Amino acid sequence: MSNTADQQHHGRGESRPAFEGTPAQALPLTASEDRQFATLAHFGGILGFIPSLLIFLIFKDRGPFTAQESKEALNFTLPPTLLALAAWLLSLAPVIGGVFAVVNALIWVTITIFSVNAGIQVNRGRPYRYTLNLRLIR
């Protein structure tokens, strides 16, 4: 097929616009988007470390506030999420399972309280630092 035929639309003589590709680099986040994704990184702590990890990996180069806050949220949620997973596995043990089920619940309640508090602060545009944070990821 010729180039002219490629630009014809079903033989009616209408020309289609040339192919427009997407940019290789994603656009930087606006200030409100930056704050929004930073807030979501903290609120995502309710579900464990996965939301903050995904936000960090996807948006770290697009917004400085998101990069800073998602890394902080990831550093905070990673160790307790792994502990909660271990406690959940141990809760399946017949004799001592009840104790580890309570420990697991306490871990999730603690993560939830701290994550919601941090999310509220970050949504107001204030950087948040968890008091007890290992900061494994720099």
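Residues numbered from 1 in each chain as written. Predicted model: local features only at pLDDT ≥ 70, side-chain atom pairs only at ≥ 80, totals over all residues. Heavy atoms only, no water.

## Notes on the overall build of the protein chain
Filter applied, for reference: Secondary structure elements are taken from DSSP: a helix is a run of H or I of four residues or more, a strand is a run of E of two residues or more, and numbering for both begins at the N terminus. Per-residue accessibility, obtained with a 1.4 Å probe over protein chains only, is compared with the maximum for each type, and a residue is labelled buried under 20%, exposed over 50%, and partly exposed between these values. The contact criterion used throughout is that any non-hydrogen atoms of two residues lie within 4.5 Å. Per-residue and other accessible areas were derived by the Shrake-Rupley procedure at a 1.4 Å probe size, with only the shown protein chains allowed to occlude residues.
Each helix and strand counted, the protein chain has five helices and two strands in total. Order of helices (α) and strands (β) in the protein chain, N terminus to C terminus: α-β-β-α-α-α-α. For the protein chain, the proportion of its 138 residues judged to be buried stands at 33%. Summarising the internal contacts of the protein chain: among those between residues at least 6 apart in sequence, 68% fall at separations of at least 24. Approximately 9,100 Å² of the protein chain is accessible, and the part contributed by carbon and sulfur atoms is 65%.

## Things to note about unusual backbone geometry
Here arginine 135, not a glycine, exhibits a phi torsion of approximately 50 degrees, which is positive. Turning to its location among the elements, arginine 135 is positioned in the segment after helix 5 (97–123).

## Some words on the UniProt feature "transmembrane region" (unreviewed entry) in the protein chain
Cut-off, in case you're wondering: UniProt positions are given in the numbering used here, feature names are shortened, and annotations may be inferred rather than shown by experiment.
Taken from the UniProt record, the annotation "transmembrane region" (unreviewed entry) applies to residues 37–60, 72–90 and 96–120. The span residues 37–60 is 71% helix and 0% strand, and its two end C-alpha atoms sit 10 Å from each other. Between the C-alpha atoms that bound residues 96–120 there is a distance of 37 Å. The span itself is 96% helix and 0% strand.

## As for the environment of proline 80
In this fold, proline 80 is placed in helix 4 (residues 64–91). Sequence-distant contacts of proline 80, defined by excluding residues within four places in its chain, comprise Ile107 and Ile111.

## A closer look at a nonpolar patch on the surface
Let me state the cut-off plainly: Note on patches: the residues involved have over 30% relative accessible area and no salt bridge, like charges join within 9 Å, and the nonpolar side chains Val, Leu, Ile, Met, Phe, Trp and Tyr join within 5 Å. Think of a salt bridge as a Lys or Arg side-chain nitrogen and an Asp or Glu carboxyl oxygen that are within 4 Å of each other.
A contiguous nonpolar patch, built from Ile50, Leu54, Leu57 and Ile58 and spanning about 380 Å² of accessible area, is present on the exposed surface. Its location among the elements puts isoleucine 50 in helix 3 (residues 50–59).

## Re helix 4
Our working rule: Helix span is expected to be 1.5 Å times the residue number reduced by one. What we call the bend at a residue is the angle made by axes fitted to the seven residues finishing there and the seven residues starting there.
For helix 4, which comprises 28 residues, the first-to-last C-alpha distance of 40 Å matches the rise-based estimate of 40 Å (1.5 Å per residue) to within 8%. The sharpest bend along helix 4 comes to roughly 30 degrees, located at threonine 77, with the proline proline 79 sitting one to four residues further on.

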